[in-house]
Amino acid sequence: MIGQDGGVPIPPLRRHPVQRRSAERLGRILDACAELLDEISYEELSTRAVAERANVPIGSVYRFFSNKRAMAEALAHRNLDEYAARITRRLAASDAASGPGPDGGGGWREAMDVVVDEYLAMKRGAPGFALIEFGHPVPATAPPEQPNHLVADRLRTLLADRLGTGRDEATEERLRVAFLLAVETADALLRLAFRMDPEGDPAIVAETKELLRAYLARVLD
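The structure displayed is predicted, hence computed values, not measured ones.

The rules behind these values
- Residues numbered from 1 in each chain as written.
- Predicted model: local features only at pLDDT ≥ 70, side-chain atom pairs only at ≥ 80, totals over all residues.
- Heavy atoms only, no water.
- Helix = DSSP H or I, 4+ residues; strand = E, 2+ residues; numbered from the N terminus.
- Buried < 20%, exposed > 50% of the residue type's maximum accessible area, 1.4 Å probe, protein only.
- Contact = heavy atoms within 4.5 Å.
- Areas by Shrake-Rupley, 256 points an atom, 1.4 Å probe, with all protein chains shown as cover.
- Axes fitted to C-alpha atoms, helices over the stretch in contact; angles between N-to-C directions.
- Parallel < 35°, antiparallel > 145°, perpendicular 65-115°, else oblique.
- Nonpolar A, V, L, I, M, F, W, Y, C, P; charged D, E, K, R; others polar.
- Phe/Tyr/Trp six-rings, centres within 6.5 Å; stacked < 30°, edge-to-face > 60°.
- Expected span 1.5 Å × (residues − 1).
- Polar contact = N/O pair within 3.5 Å; in protein donor to acceptor, adjacent residues only side chain to side chain.
- Salt bridge = Lys/Arg side-chain N within 4 Å of Asp/Glu carboxyl O.
- Core = buried A, V, L, I, M, F, W, Y, C linked by side-chain atoms within 4.5 Å.
- pLDDT = per-residue confidence, 0-100.

Draft legend 1. Representation of the overall build of the chain in the model. For the chain, the helix and strand inventory stands at ten helices and zero strands. Helices and strands in the chain line up, N terminus first, as α-α-α-α-α-α-α-α-α-α. Counting over 221 residues, the chain shows a buried share of 44%. Long-range contacts, defined as pairs at least 24 residues apart, comprise 72% of the intrachain contacts of the chain with a sequence gap of at least 6. Only carbon and sulfur atoms are counted for the fraction: they give 53% of the accessible area of the chain, which is about 11600 Å².

Draft legend 2. Structural detail: the packing of helix α9 (residues 169–196) against helix α10 (residues 202–220). Two elements in contact, α9 and α10, have axes separated by 10 Å at closest approach and are oriented at 175°. When the axes of α9 and α10 are compared, the pair comes out roughly antiparallel. For the contact of α9 with α10, the residue count by class is 19 nonpolar, two polar and two charged.

Draft legend 3. Geometry of the packing of aromatic side chains. Under the counting rule described, the total for this entry stands at four aromatic pairs. Each ring, one from F64 and one from F65, has its centre 6.3 Å from the other, and the planes form 55°; the classification is tilted. Here F64 matches F65 in class, with each residue buried. Seen from their ring centres, Y83 and F134 are 5.1 Å apart, and the 35° between their planes marks the pair as tilted.

Draft legend 4. Local environment of the packing of helix α1 (residues 20–37) against helix α4 (residues 68–98). Where α1 contacts α4, the axes come no closer than 10 Å and their chain directions differ by 95°. The angle between the axes of α1 and α4 places the two elements in the roughly perpendicular class. Side by side, α1 and α4 meet where G27, I29, L30, D31, C33, A34 and L37 of the first sit next to M71, A74, L75 and R78 of the second. Considering only residue class, the contact of α1 with α4 consists of eight nonpolar, one polar and two charged.

Draft legend 5. Inspection of α4 at higher detail. An ideal rise of 1.5 Å per residue puts 45 Å on 31 residues; α4 measures up with 45 Å between its terminal C-alpha atoms. Measuring from the side-chain oxygen of the N-cap residue of α4 to the backbone nitrogen of R69 gives 3.1 Å; that N-cap residue is N67.

Draft legend 6. A look at the pattern of salt bridges. Here the structure, examined in full by the defined rule, presents 21 salt bridges. In this structure, R69 engages E73 in a salt bridge whose closest nitrogen and oxygen atoms are separated by 3.2 Å. On the criterion of helical spacing, the pair formed by R69 and E73 is a turn pair, its members being four residues apart in helix α4. With a relative accessible area of 22%, E73 lands in the partly exposed category. Notably, a salt bridge pairs R176 with E173, separated by 2.7 Å at the nearest N-O pair. Note that R176 and E173 are positioned in helix α9 at a spacing of three residues, about one turn of the helix. By relative accessible area, E173 is classed as partly exposed at 38%. Each of the salt bridges in this network shares a partner with another, and the network as a whole consists of R86, R90, D117, E118 and K209.

Draft legend 7. Representation of the side chain of E118 in the model. Counting through the fold element by element, E118 comes out in helix α5 (residues 107–125). We classify E118 as buried; its relative accessible area is 8%. Each residue touching E118, except ones within four places of it in the same chain, is listed here: Y83, R86, I87 and R90.

Draft legend 8. Structural detail: the nonpolar core. Judged by nonpolar contacts, the single largest core of 39 residues is most densely connected at Y83, I87, L155, L159, F179 and L216. Those elements that provide at least two residues to this core are α4, α5, α7 (147–158), α9 and α10. Each residue touching L216, except ones within four places of it in the same chain, is listed here: W108, M112, A178, F179, A182 and D221. In this structure, C33, A70, M71 and L75 belong to the second largest nonpolar core, which totals 25 residues.

Draft legend 9. View of the confidence of the model for the chain. The pLDDT averaged across the chain works out to 85; a share of 85% of its residues lies at or above 70. For the chain, the element scoring lowest by mean pLDDT is helix α8 (residues 160–163), at 80; helix α2 (residues 47–54) scores highest, at 96. Considering only residues more than four positions removed or in separate chains, one finds that residues 1–10, a stretch of pLDDT under 50, has 24 contacts.

Listed below in structure tokens is the structure:
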């Protein structure tokens, strides 16, 4: 199943919802999972607790998910879909307000600021995001997918128009690596920002944006 802007696939469900009622039930299950993760730890989370919070039979949870890990992975991928959608809406609104710039929309620098700002907004307000974000919360074993690889590839696809076209294969590979390093770096620095301040230390956030601009300019300018 492909994300809403053609990006990374979400984890396969035991059963994909076909009818609207079934899709709404799946949404309620993931909403309940996210709400509970704001209240309890992942270790305390259970499929039964999610079913009770979502007001659905426990069998409905198992119809979609084999266990709570699969449910958490689906929530992480839904978060990535929502993150991409929020970035798209922000950039579209900016383009509509100011008109297209000479380097495509508001340019890649504005886009990277939006990337950081929307991450901060989800970190501060999206249910369950503080624990799940874009990957499984328990790193006891190496996950089959590296969340930051998924995020970097999704952003690179999402911002393709602002990054320019007509690049040769070597440059595209350099861009792929650059986006991965940028995402890994921003991830580490923004985690530090939230350790320093529950809302994200403003000085660290500002320096993170400056660092990203300076680093990516080597590839994008």
